[in-house]
Amino acid sequence: MDEIEAIGGLAQGGLIARAVEPGTGQTGKADRGHTHESACLNCGTPLVGPHCHNCGQHAHVHKTLGAFMHDLLHGALHFEGKTWHTLPLLAVRPGALTRRYIDGERARFVSPMALFLFSVFLMFAVFQLVGISTPDDLGPAVQMDGDEAADQSLEAQLAGLRRARKSMADGNPASPIIDSQIAAIERRIEETTSPDGKVVLAERGGDSDRTLRTRLTAEPTGIALLDHGIEKWRQNPTLMAYKLQSNFYKFSWLLVPLSIPFVWLIFAWRRRFGAYDHAVFVTYSLSFMSLLFVTLALLGQIPGVSEGLLFFATALIPPVHIYKQLRGAYDLSRFSAFWRTMVLLVFITIVLLLFVNLLLMLGALG
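No experiment lies behind these values; they were computed from the predicted model shown.

1. What to know about the side chain of Ser-119
Position of Ser-119 relative to the elements: it lies in helix 5 (residues 112–130). Judged by relative accessible area, which is 0%, Ser-119 ranks as buried. One polar contact links the side chain of Ser-119 to the main-chain carbonyl oxygen of Phe-116, over a distance of 2.8 Å. Setting aside residues up to four positions removed in sequence, Ser-119 forms contacts with Ser-287, Ser-290 and Leu-291.

Here it is in structure tokens:
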């Protein structure tokens, strides 16, 4: 009797379940790829029912290839299901999507941050695929104050023409041609040294290949890191453009915290809306803009799609989308949504300038 009671106690404790596996009828053997535990394999909590009541993990863990494929398909289809609930609303009714997510409907939709990270990754992948990238043939730094580099080729040509003209005999039929060339180069040298100091005309092989370059006449900002970045940009613009693109991808998430305060400003007197509302609004909006650029980049590869149409879409769709999202997410009137959209467009420019300056400083660190 004592032995029977001891065995019953072990059975109640779940120890026999680890020694005798269902379906085998033998001790010491287990169904291949399956486990039957009395405690959660994730957190060690004693199991009560099919799930761990502490962490939520299944009590029965599969370790087969079929189970792995099941999880893969489930994850893909589950995400796809959320995607098809999210993207149509994001495109057509962005305000409703934002408000429903804020109000607690989370299971049906892709989270704003997950969608944002995916859309940024997709945007840069598509840009690389279609060849939208930083140019690799940027010249040396643009001209500064008294640099003679841009004028050297002109002065050399002028000196050579003057020597040739001096050696010509009077009445040479080529003399008028040489004289006109000398006059043209003298005019161009005067243009490069104009007193306003705003532009430089750089020679690249003739009148048909001249390039207008803007001089960098700005004073130092006083921010050592930023000034260092500007100096590195002048020295090697190709490398800095590459770093700018690379850092944009890695630090694109900074657009979210940079944008939230500006959205808060246009709702500062509306206590109903908090920082969380603005964060969801900003992140879904940035996700849409990234996906819009992906779409336009792909449309640009289709023969027959005009650049005018792409430009029109780029200029019109973003403000309309912001307007619709503002109106639906914050329950605004048409006028309230309109003026906030106009202000946000100005704020967006400020945010982008701040972001580029941050990238410039980060590039200076590299």
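Alright, that's what it looks like, and here's the rest.
2. Overview of the packing of helix 4 (residues 94–102) against helix 11 (residues 275–299)
Packing of helix 4 against helix 11 leaves a shortest axis separation of 10 Å and a crossing angle of 140 degrees. Taken together, the axis directions place helix 4 and helix 11 in an arrangement best described as oblique. Crossing angle aside, the handedness with which helix 4 passes helix 11 is right-handed. Of the residues in helix 11, those touching helix 4 at Leu-97, Thr-98, Arg-99, Tyr-101 and Ile-102 are Tyr-276, Asp-277, Val-280, Phe-281 and Tyr-284. Each residue belonging to the contact of helix 4 with helix 11 can be placed in one class, and the counts come to 7 nonpolar, 1 polar and 2 charged.

3. What to know about the state of the cysteines
This model, assessed by the stated rule, comprises 0 disulfides. The thiol sulfur of Cys-43 is not disulfide-bonded, and the nearest other cysteine sulfur, from Cys-52, lies at 3.6 Å. Residue Cys-55 stays outside any disulfide, its sulfur separated by 3.6 Å from that of Cys-40, the closest cysteine. Among the residues examined, Cys-55 registers a relative accessible area of 35% and is labelled partly exposed.

4. Focus on a nonpolar patch on the surface
A cluster of nonpolar side chains, namely Leu-309, Phe-312, Leu-316, Ile-317 and Val-320, defines an oily patch on the protein surface of about 430 Å² accessible area. Take Val-320: it is sitting in helix 12 (residues 307–329). By relative accessible area, Val-320 is classed as partly exposed at 40%.

5. Quick look at helix 4
Counting buried residues along helix 4, 8 of its 9 residues qualify, which places the element largely inside the surrounding structure. Taken together, the buried positions of helix 4 are occupied by Pro-94, Gly-95, Ala-96, Leu-97, Thr-98, Arg-99, Tyr-101 and Ile-102. Phi turns positive one or two residues past the end of helix 4, at Gly-104, with a value near 120 degrees.

6. Some points on the pattern of salt bridges
The final tally for this structure, using the stated rule, is 3 salt bridges. When the shortest N-O distance is used, the salt bridge between Asp-103 and Arg-99 registers 3.2 Å. You can call Arg-99 buried: its relative accessible area is 15%. Residue Asp-277 is joined to Arg-99 by a salt bridge in which the shortest nitrogen-to-oxygen separation is 3.3 Å. With a gap of 178 residues between them, Asp-277 in helix 11 and Arg-99 in helix 4 connect regions that are remote in the sequence. Taken individually, Asp-277 and Arg-99 each receive the classification buried, so the pair is uniform in this respect. Here the salt bridges share partners, and the residues they tie into one network are Arg-99, Asp-103 and Asp-277.

7. Regarding the side chain of His-321
Structurally, His-321 can be placed in helix 12. For His-321, a relative accessible area of 3% puts it in the buried group. Polar contacts involving the side chain of His-321 include one to the main-chain carbonyl oxygen of Leu-90, which spans 2.7 Å. Residues contacting His-321, with those up to four places away along its chain left out, are Leu-90, Ala-91, Pro-94, Phe-288 and Met-289.

8. Re the confidence of the model for the chain
Mean pLDDT over the chain: 74, with 61% of residues reaching 70 or higher. Residue range residues 137–150 is modelled with pLDDT below 50. Its contacts to residues more than four positions away, or to other chains, number 23 contacts. Contacts of residues 196–218 to residues separated by more than four positions or lying in other chains number 46 contacts, the stretch itself having pLDDT below 50.

9. Here's the deal with unusual backbone geometry
Even without a glycine there, the phi angle at Asp-331 is positive, about 55 degrees. As for its placement among the helices and strands, Asp-331 is situated in the loop between helix 12 and helix 13 (334–365). The exposure class of Asp-331 is exposed, given its relative accessible area of 57%.

10. With respect to the packing of helix 4 against helix 12
Between two packed helices, both the angle of their axes relative to each other and the distance between the axes serve to describe the pair. Where helix 4 contacts helix 12, the axes come no closer than 6 Å and their chain directions differ by 40 degrees. Relative to helix 12, the element helix 4 is oriented oblique. Here helix 4 runs over helix 12; the crossing is right-handed. Contacts between helix 4 and helix 12 involve Pro-94, Gly-95, Thr-98 and Arg-99 on the former and, on the latter, His-321, Lys-324, Gln-325, Gly-328 and Ala-329. Each residue belonging to the contact of helix 4 with helix 12 can be placed in one class, and the counts come to 2 nonpolar, 5 polar and 2 charged.

11. Some words on helix 5
Taking 1.5 Å as the rise per residue, helix 5 with 19 residues should run 27 Å; its terminal C-alpha atoms sit 27 Å apart, in good agreement. For helix 5, the full list of buried residues reads Pro-112, Leu-115, Phe-116, Ser-119, Val-120, Met-123, Phe-124, Val-126, Phe-127 and Val-130. Seen end-on, helix 5 carries its buried residues on one side only, within an arc spanning 160 degrees.

Each value, and the rule that gives it
Residues numbered from 1 in each chain as written. Predicted model: local features only at pLDDT ≥ 70, side-chain atom pairs only at ≥ 80, totals over all residues. Heavy atoms only, no water. Helix = DSSP H or I, 4+ residues; strand = E, 2+ residues; numbered from the N terminus. Buried < 20%, exposed > 50% of the residue type's maximum accessible area, 1.4 Å probe, protein only. Polar contact = N/O pair within 3.5 Å; in protein donor to acceptor, adjacent residues only side chain to side chain. Contact = heavy atoms within 4.5 Å. Axes fitted to C-alpha atoms, helices over the stretch in contact; angles between N-to-C directions. Parallel < 35°, antiparallel > 145°, perpendicular 65-115°, else oblique. Left-handed = near helix turned anticlockwise from the far one by under 90°. Nonpolar A, V, L, I, M, F, W, Y, C, P; charged D, E, K, R; others polar. Disulfide = S-S within 2.5 Å. Patch = residues over 30% accessible without salt bridge, like charges linked within 9 Å, V, L, I, M, F, W, Y side chains within 5 Å. Areas by Shrake-Rupley, 256 points an atom, 1.4 Å probe, with all protein chains shown as cover. Salt bridge = Lys/Arg side-chain N within 4 Å of Asp/Glu carboxyl O. pLDDT = per-residue confidence, 0-100. Expected span 1.5 Å × (residues − 1). Arc of directions from axis to C-beta.

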